[in-house]
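# Tertiary structure, described
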Amino acid sequence: MLYFGGDYNPEQWPREMWAEDLELMRQARVNLVTVGVFSWSRLEPRPGEFDFGWLDEVLDGLHRNGIGVCLATPTASPPPWFTRSHPDAMPVTREGIRLGHGSRDTYCVNAPAYRCASVRIAAALGARYGTHPALKLWHVHNEYGTWCFCDHCAVAFRSWLRARHGSLEVLNACWSTDFWSQRYGDWEEILPPRATQYLRNPAQELDYRRFLSASFTEHYAAQREQLRGNVAVTTNFVLGQWVPVDHARFATEVDLVAIDHYPHSVETSLGERAFVADLARGWARAAGHPDGRWLLMEHAPGAVHDGVLRSLEPGGISAAARSYVDRGSVGVMYFQWRASRGGAEQWHPAMVPHEGPSSSVFTELCSLGAALADQAPVAVIADVAVMYDEESMWAWRSEHLPTRHVDYETVVRQWHIHLASEHANVDVIPPWAPLDSYRLVVVPALYLMSAATHAALRSYTGKLVITCGSGVADEHARITPGSLDDLIGARITGRTFDVPPGELWVDHVEPVSATAVGPAVYQNGNVTFVARLAPCHWEERDLNNDAERRGTAAA
Amino acid sequence: MLYFGGDYNPEQWPREMWAEDLELMRQARVNLVTVGVFSWSRLEPRPGEFDFGWLDEVLDGLHRNGIGVCLATPTASPPPWFTRSHPDAMPVTREGIRLGHGSRDTYCVNAPAYRCASVRIAAALGARYGTHPALKLWHVHNEYGTWCFCDHCAVAFRSWLRARHGSLEVLNACWSTDFWSQRYGDWEEILPPRATQYLRNPAQELDYRRFLSASFTEHYAAQREQLRGNVAVTTNFVLGQWVPVDHARFATEVDLVAIDHYPHSVETSLGERAFVADLARGWARAAGHPDGRWLLMEHAPGAVHDGVLRSLEPGGISAAARSYVDRGSVGVMYFQWRASRGGAEQWHPAMVPHEGPSSSVFTELCSLGAALADQAPVAVIADVAVMYDEESMWAWRSEHLPTRHVDYETVVRQWHIHLASEHANVDVIPPWAPLDSYRLVVVPALYLMSAATHAALRSYTGKLVITCGSGVADEHARITPGSLDDLIGARITGRTFDVPPGELWVDHVEPVSATAVGPAVYQNGNVTFVARLAPCHWEERDLNNDAERRGTAAA
Amino acid sequence: MLYFGGDYNPEQWPREMWAEDLELMRQARVNLVTVGVFSWSRLEPRPGEFDFGWLDEVLDGLHRNGIGVCLATPTASPPPWFTRSHPDAMPVTREGIRLGHGSRDTYCVNAPAYRCASVRIAAALGARYGTHPALKLWHVHNEYGTWCFCDHCAVAFRSWLRARHGSLEVLNACWSTDFWSQRYGDWEEILPPRATQYLRNPAQELDYRRFLSASFTEHYAAQREQLRGNVAVTTNFVLGQWVPVDHARFATEVDLVAIDHYPHSVETSLGERAFVADLARGWARAAGHPDGRWLLMEHAPGAVHDGVLRSLEPGGISAAARSYVDRGSVGVMYFQWRASRGGAEQWHPAMVPHEGPSSSVFTELCSLGAALADQAPVAVIADVAVMYDEESMWAWRSEHLPTRHVDYETVVRQWHIHLASEHANVDVIPPWAPLDSYRLVVVPALYLMSAATHAALRSYTGKLVITCGSGVADEHARITPGSLDDLIGARITGRTFDVPPGELWVDHVEPVSATAVGPAVYQNGNVTFVARLAPCHWEERDLNNDAERRGTAAA
């Protein structure tokens, strides 16, 4: 059975509407709703005083109607009383500006008071609802990714660096601190990469993203401890180049990989949906779930592009849903069930729009719910893979790079579309995923390569395609000239960017053991090296129509 | 008699030039000058020590030459000594950055020290000049609108909210705080809408603009108390979408509505002038001045567009002046009399440009002064009106709205131009203006509608045209689906934005009692509903040539 | 002998590579390297504890290989221990944000602790290496120009203003403080031009740039005192419109004018190189070095434009070098010798790129080194000059100016290219340079003109071409209408900007003694006045091909 439903926020509505909600959910064949994501100020109206009555009623009502619950801990939005009592727990920008209450995600993940309050509310929820019959899934927090540069973070960053690097000598080497006289003589001298006079140290920036990712994981794990039982625990990943989370690593901490997905544009949305679905599956597999199952926790039956709300084409809601399900999602979930009357996301598309259940959106969702009701999750088997690495994505976005014309995600997505048009299924995998099960692995523009990744590529015996822009630096952004020479059987004697105009990156190649097999393409045993990155605008055709060719099989 | 003149800042010039000024003013038939707007540091060189000698001399000189005085309180620009003594009275940005001295408007309108200093200087001026024979008008402050987010404002905001909402329960409901866990349990938890992690609460933002507007009004009223006598008191409104002032409400506090006007571009300037003139008259009428008289306190004999200074066409100065006078302005006033040699506005166009009185600008102004000398103020009678609401303008600009392509002011102005091309005169009125005197009222895109506005539209028996984008939300930005259904005799079943491209907003309409009378136009008794907003680019032709058709009559 | 080499940062590399460096330097005929620019944290790892061993070894090795040393004081990048001990010595932005460690140039030039630490390290270097046989040149600091608005600067600014203006009365007049009620009654009221509510005072802004320039000069002079000996002392000027340094004045403090140069685009680079070379020579001459010798301390064998790294055309490295040498540079120096593996400038083009000495860049540099080896510095004699004034450049960039379409540097460069295509050599000179040696001087758009400049132009008897946009204001940005009338023999009765579109500035001219000799060109004795600025896009042809026509002579 596939999950079908969305975020349900009954506390935003008069109690009289709850019965109508249940009736409409049954009508749409909703079988799972996410509850409690933004309920902290209702669940704990004053510090340590809990009010679960209304939530009991909601969960009981859902259960009576055969609707499961994905129960969230509400820690992504601390209540005003928390903010007022703990100003030191508010996030601080690079510039040192302490943000205030009045939105969501107003916390520093490393603030002791916030950690403590998070565990307390999670424990209370775990104790009360851990065995509730409606409970199907725990949903810790929401969309981890809030940046902070405060002094709590500075302290935690130093501890994390000590553990990572062991000694200042190693840190100084990894961060190349001899450039610009940044050599550290004492751990206490090290700061988060705050606003500074000119370009920041790229290795420090990378380590800070890693540190934040680890901080979020720690915060998650502390809540998970309170929820342990027979019910799976997860969190919903938010995708976006700004997000300081290494989701591939985080995936090893969740029982079911869950993602939220909002494409950048209506026009490219199906290609984007295919990519992130194959990516979520790749994360699930790499994290030790060989069936590659994952869950689309949030998406929208509509879109906001360039600041303008747009509808999907008729049939577009179902096409979108299929593009995830066909690639292994165990459900189709939306944000949110009912469009809010007030608040900052009152215009977010919803299952029940402002105009009510007679709207075409709700009608299409009812058809979709009916169609999904008899369908089992799809087991996707892929023997080709394309590598995508969020750390490399961070590196490509570094402010000091003179390659502003290269968008790593676009480069990888173009390879993904190309492969998906020729192969049944394509996994999108992190660099440290086992490669043995694939007969073809494509590695586009993998800027950062650790020694482990270098070794893994050399051990791999299938067909390996690697493009320029790969192996440019080690994991600390230190440039590693010639690091691929033995693998590709050639020497790279130079690099050209943007010449001729439109070209993104061209390596100048001197073949040693390799043979040129096409323009800028070199073959060396099982390894093919593509010496140019071009902004080829692949036509993003509807990959969902190719479902039969991908040979997906119902499990 | 019409007023003719401008801001006169003799303290910027050597005393030797004052005689030349008077001579040139007489030559140009100037009969009113605004004095003292930026004179605080001259009038009160040290706290509580006043120096009125030079101002006595200026006023006496003007009086001897038959020139009236619009005397300003100088509170828009506190002197450096004030800043130094009261750093807490400097404005603070959303980000918490306290601004420093070195420009104008460096104050927090809610800072006690600033309030106190403002009243002191106003009282001193009132006492000394309240009966001066040159005095024709009091001009309190200058262009109210300086934002502040400091702690003084936080305290004052909470008081204002208590008075407005009465209880936290009501505030929580009005602000939809159940979204994103923002429910307040204590008044002290409430903050100004400062920089926060993500989107702000739109209802909080609206209330903050209202609160600032009320704060300015309070500051104005406290000064007015010091000036009460036989001379009218006003302040000059500055127009601009950034301005947190509800001028329609503020208009009820002034004896004569006065506005400053600087069009956005030379090309659209005549249409803009017509609009704001009709708007100022609408404010005057709604505020209880049935003759609709108002005053153009500032405009410029030139323009700065896209950062480049531009001249008006020959004759353009007079054409501009006429466009205001024909719509009820009791005068034609400029900023400023003589172009400053130094300071931040040294390039602002002026009546006497840097090149001196031989310039073509001064020559044209002399002709204009002569032409106006015998003219009486125009009494404008209008039986059609278009509604414009600054609160709705704020709502349309809210950062959370997915309608970035809609510019409310442009939408209203297009209707205004359309109406002005077909009707003699058009009042531009706020939602709460009495409607009985109009036979036709157009309500374009009135996003916010209070219960009172809903009732007023239903009571109106003339021809009412209302467009989509109206009645979308109540005054707290809470979406109110179907709120217009009974009025327009139809159900709105959905909304589309930007499809087809170029369309701004299309409502999907299911007529009940209404009849379709044209593409996207529905008639229901006296009410016409226009179901689309289109960016029709009306030709902004010279409305001033149509003066005879508008049938304006000299009073 | 010409200098040939670049910045050498051996501390960034394992000691094993130093021998290879020396070998490659000999191969490329390198004869001067700049050492120590970013070595503070290696040279003084803890406050007051010096480690010179490694630098001894580097200098000895270079000397043994016949390579001279330009030894830098490392004060542009204080070590982390400094930052940690002296947070008050970090720079503060206009907004009051104190920047943190983590880049370069993290200091306030007016902070006492920083001044003290700078002198200490300079003294230690002077004492140890002042007589080292490899030492050819002292290189104080690096690219002065870091802005700061902190309280140390406020204090120092007030002292500087007291010295400059003498009395508050004079300052108030110079700053036109009667505009916007900014009249100062006490020196303590004066602040740096920090973030304020609206436009800042343009005279205050100009004086603040002058003050920073003086602060840098003071900091330089304090170090120079520690280095005095038989070796010349200089600093490397960085060019850029953001730089608050009056380099023409600063040039009077150095023994050899040295500049760093990074053109804005590949396409215009040769024109830009010619301009800055002629400018550096002009600064050297005006500073009292009649031979006009100067040194290109840094440039790049490549370029970054619009955020993308680009190579020069084959031969482009030599063409660039020649364009400087032909105009009087006594050397060709690069940043940097070897491309860094890590750090924020790891992608900066270098003499030995990441790919190593087999790269085409290094090959071309070896040819260039060989070609330069036998060449003596060029003595350039010019009898025409174009005036360029960094203070006027600041004035043109002022935020309050309604001439956003005018880029002063482009205007002057167009005249420079025009002159350079017709005359052998062209000096680019500051307004206070002696003019007697030139038969033609062109003064384009010299916005600010002091009384001294006015007098100098009137004393000059050669052919003087002056364009509109000149003499608009005095040195305090106070507009001076008619200030050129007697010189150009005409009255300027008005000014038009951007009409017709594309025109930058047109003066309306009424000839008195002048005669119109072409469209918008007026002749008055030896003075030609050009009454328009047009954005004529001169073709930036390769001025280097014209070397013979320029008649440069080897000294």
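Scope of this entry: the structure provided in the associated data block. (Residues numbered from 1 in each chain as written. Chains lettered and ligands numbered in written order. Predicted model: local features only at pLDDT ≥ 70, side-chain atom pairs only at ≥ 80, totals over all residues. Heavy atoms only, no water.)

## As for the overall build of chain A
Within chain A one finds 17 helices and 23 strands. With the principal axes as the frame, chain A shows a C-alpha extent of 75 × 60 × 40 Å. Across the 555 residues that make up chain A, the buried fraction comes to 67%. Put simply, of all contacts in chain A between residues at least 6 apart along the chain, 73% involve residues at least 24 apart. With the model as given, the accessible surface of chain A reaches about 18,200 Å², and the carbon-plus-sulfur share is 52%. Of note, chain A has its 47 positive side-chain charges centred 2 Å away from the centre of its 65 negative side-chain charges. (Helix = DSSP H or I, 4+ residues; strand = E, 2+ residues; numbered from the N terminus. Buried < 20%, exposed > 50% of the residue type's maximum accessible area, 1.4 Å probe, protein only. Contact = heavy atoms within 4.5 Å. Areas by Shrake-Rupley, 256 points an atom, 1.4 Å probe, with all protein chains shown as cover. Lys, Arg positive; Asp, Glu negative; His and termini not counted. Charge placed at Lys NZ, Arg CZ, Asp CG, Glu CD.)

## Regarding helix 1 (residues 17–27) of chain A
All names here are of chain A. Considered for burial, the residues of helix 1 that qualify are M17, W18, D21, L22, L24 and M25. Taken around the axis of helix 1, the buried residues stretch over an arc of 165 degrees, which confines them to a single face. Packing partners of the buried residues in helix 1 comprise strand 1 (3–8), strand 2 (32–35), helix 3 (53–64) and helix 12 (360–373). Within two residues after helix 1, R29 carries a phi angle of roughly 65 degrees, on the positive side. (Arc of directions from axis to C-beta.)

## Description of the interface of chain C and chain A
Contact residues are listed per partner, giving 45 residues for chain C and 44 residues for chain A. With both chains or domains summed, chain C and chain A bury close to 3,900 Å², and 58% of this area falls on carbon and sulfur atoms. When the buried area of chain C at its contact with chain A is split by residue, A344, W347 and E355 of chain C rank highest and sum to 17% of it. Where chain C touches chain A, the interface holds 2 salt bridges. Linking D178 of chain A and R42 of chain C is a salt bridge whose minimum nitrogen-to-oxygen distance equals 2.7 Å. Taken together, the links from chain C to chain A amount to 20 residue pairs in polar contact (both at pLDDT 80 or more). The residue inventory of the side of chain C that touches chain A, partitioned by class, reads 15 nonpolar, 20 polar and 10 charged. (Buried area = accessible area lost by both parts, 1.4 Å probe. Salt bridge = Lys/Arg side-chain N within 4 Å of Asp/Glu carboxyl O. Polar contact = N/O pair within 3.5 Å; in protein donor to acceptor, adjacent residues only side chain to side chain. Nonpolar A, V, L, I, M, F, W, Y, C, P; charged D, E, K, R; others polar.)

## Here we look at the environment of V384 of chain A
Residue and element names in this part refer to chain A. Tracing the sequence through the fold places V384 in strand 13 (residues 384–387). Take V384: its relative accessible area is 0%, and that puts it in the buried class. When the C-alpha atoms of V384 and A424 are compared, they prove to be 8.8 Å apart, with 40 residues separating the residues in sequence. Filtering out sequence-adjacent residues up to four positions away, V384 remains in contact with H423, N425, V426, D427, Y438, R439 and L440.

## Topic: the side chain of H423 of chain A
All names here are of chain A. Within the secondary structure layout, H423 lies in the loop between helix 14 (408–420) and strand 14 (426–429). Overall, the relative accessible area of 14% leaves H423 in the buried class. Among the polar contacts made by the side chain of H423, one reaches the side chain of R439 at a distance of 3.2 Å.

## So, the environment of V386 of chain B
Assignment of secondary structure puts V386 of chain B in strand 13 (residues 384–387). Apart from residues no more than four positions distant in its own chain, V386 of chain B is found in contact with V412, W415, H416, L419, V426, D427, V428, I429, V442 and P444 of chain B.

## Here we look at the interface of chain B and chain C
Listed by partner, the interface residues are 45 residues for chain B and 43 residues for chain C. Taken together, the two surfaces of chain B and chain C that pack against each other cover about 3,900 Å², and 58% of this comes from carbon and sulfur. Its largest share of buried area at the contact with chain C, chain B owes to A344, W347 and E355 of chain B, together 17% of the area lost on that side. On inspection of chain B and its partner chain C, the count reaches 2 salt bridges. Between R84 of chain B and D186 of chain C there is a salt bridge; the shortest N-O distance is 3.6 Å. Where chain B touches chain C, the interface holds 19 residue pairs in polar contact (both at pLDDT 80 or more).

## Notes on the relation of the copies chain C and chain A
The two copies are related by a screw operation: chain C maps onto chain A through 120 degrees of rotation and 0.0 Å of translation along the axis, at an RMSD of 0.0 Å. The relationship between the two copies is best expressed as a three-fold rotation axis. Considering only C-alpha atoms, the residue of chain C closest to the rotation axis is I97 of chain C, which sits at 4.9 Å. The fraction of interface residues of chain C whose copies in chain A are also interface residues is only 2%, indicating that the copies meet through different surfaces. (Least-squares fit on C-alpha atoms with pLDDT ≥ 70 in both.)

## Structural notes on the pairing of strand 1 (residues 3–8) of chain B
Residues and elements named next belong to chain B. The element strand 1 is extensively covered by neighbouring structure, given that 6 of its 6 residues are classed as buried. Two elements, strand 1 and strand 2 (residues 32–35), share 4 bridges in a ladder whose sense is parallel. Across the sheet, Y8 pairs through a bridge with V35, a residue of strand 2. Considered for its hand, the β-α-β crossover made up of strand 1, helix 1 (residues 17–28) and strand 2 is right-handed. (Pairing = 2+ DSSP bridges. Right-handed = clockwise from strand over helix to strand, strands pointing away.)

## Considerations on the packing of helix 3 of chain A against helix 5 (residues 112–129) of chain A
All names here are of chain A. For the pair helix 3 and helix 5, interaxial distance at closest approach is 12 Å and the crossing angle is 45 degrees. On the basis of the axis angle, helix 3 is oblique to helix 5. Relative to helix 5, helix 3 is oriented so that their crossing is right-handed. Contact residues: helix 3 offers L55, D56 and L59, while helix 5 offers L125, R128 and Y129. Split into classes, the residues belonging to the contact of helix 3 with helix 5 amount to 4 nonpolar, no polar and 2 charged. (Axes fitted to C-alpha atoms, helices over the stretch in contact; angles between N-to-C directions. Parallel < 35°, antiparallel > 145°, perpendicular 65-115°, else oblique. Left-handed = near helix turned anticlockwise from the far one by under 90°.)

## Remarks on helix 8 (residues 202–227) of chain A
Its 26 residues give helix 8 of chain A an end-to-end C-alpha distance of 38 Å, which sits within 8% of 38 Å, the value for a rise of 1.5 Å per residue. Among the residues of helix 8 of chain A, the N-terminal cap falls to N201 of chain A, whose side-chain oxygen and the backbone nitrogen of A203 of chain A are separated by 2.9 Å. (Expected span 1.5 Å × (residues − 1).)

## Looking at the relation of the copies chain B and chain C
Each of the two chain copies can be brought onto the other by rotation about an axis and movement along it. Its rotation angle being 120 degrees, the transformation that places chain B on chain C also includes 0.0 Å of axial translation and leaves an RMSD of 0.0 Å. Counting the interface residues of chain B, we find that no more than 2% of their copies in chain C are interface residues as well, pointing to two distinct contact surfaces.

## Overview of unusual backbone geometry
Negative phi is the rule for most residues except glycine; trans is the rule for most peptide bonds. Residue and element names in this part refer to chain A. Note that the residue after F335, namely Q336, is joined by a cis bond; omega there is -5 degrees. Phi is positive for A520, which is not a glycine, with a value near 65 degrees. Residue position: A520 is located in the loop between strand 19 (515–518) and strand 20 (521–524).

## Remarks on the pattern of salt bridges
All names here are of chain A. This structure, assessed with the given rule, holds 110 salt bridges over all chains. The salt bridge partner of R224 is E225, with a shortest N-O separation of 4.0 Å. Among the charged side chains, a salt-bridge network with shared partners connects D278, R281, R285, R327 and D427.

## A word on the pairing of strand 14 (residues 426–429) of chain B
All names here are of chain B. Of the two faces of strand 14, the one lined by V426 and V428 and the one lined by D427 and I429 are each fully buried. Bridge analysis of strand 13 against strand 14 gives 4 bridges, and the strand direction is parallel. Looking across to strand 14, one finds that V384 is bridged to V426.

## Focus: the nonpolar core
The tendency in soluble globular proteins is for nonpolar side chains to be buried side by side. Counting residues in each nonpolar core, the largest one holds 168 residues, and the members touching the most others are V35, L55, L62, L71 and I466 of chain A. With 167 residues, the next largest nonpolar core counts F82, W175, I429 and A490 of chain C among its residues. (Core = buried A, V, L, I, M, F, W, Y, C linked by side-chain atoms within 4.5 Å.)

## What about the sheet that holds strand 15 (residues 440–443) of chain A?
All names here are of chain A. Taking strand neighbours across the sheet as the criterion, the 7 strands line up as 14-13-15-16-21-20-19 in an open arrangement whose pairing is mixed. Two strands bound the open sheet, and with one partner strand each, they are strand 14 and strand 19. The mean angle between the axes of side-by-side strands here comes to 25 degrees, regardless of whether they run parallel or antiparallel. When strand 19 meets strand 20, the two strands line up antiparallel, connected through 3 bridges. From the neighbouring strand, G518 faces strand 20, where its bridge partner is V521.

## Thoughts on the packing of aromatic side chains
On inspection of all chains with the given rule, the structure shows 105 aromatic pairs over all chains. Taken together, a centroid distance of 4.8 Å and an interplanar angle of 85 degrees make the contact between F157 of chain B and Y208 of chain B edge-to-face. A residue pair is termed long-range when its members are at least 10 positions apart, and F157 of chain B in helix 6 (residues 151–165) and Y208 of chain B in helix 8 (residues 202–227) qualify at 51 residues. Across this residue pair, the class does not change: F157 of chain B and Y208 of chain B are buried. Geometrically, the ring pair formed by Y107 of chain C and Y114 of chain C is stacked, given 4.6 Å between the ring centres and 5 degrees between the ring planes. Here Y107 of chain C matches Y114 of chain C in class, with each residue buried. Here the aromatic cluster, defined as three or more aromatic residues joined through ring pairs, consists of W147, F149, F157, W160, W175, Y184, Y208 and F211 of chain A. (Phe/Tyr/Trp six-rings, centres within 6.5 Å; stacked < 30°, edge-to-face > 60°.)

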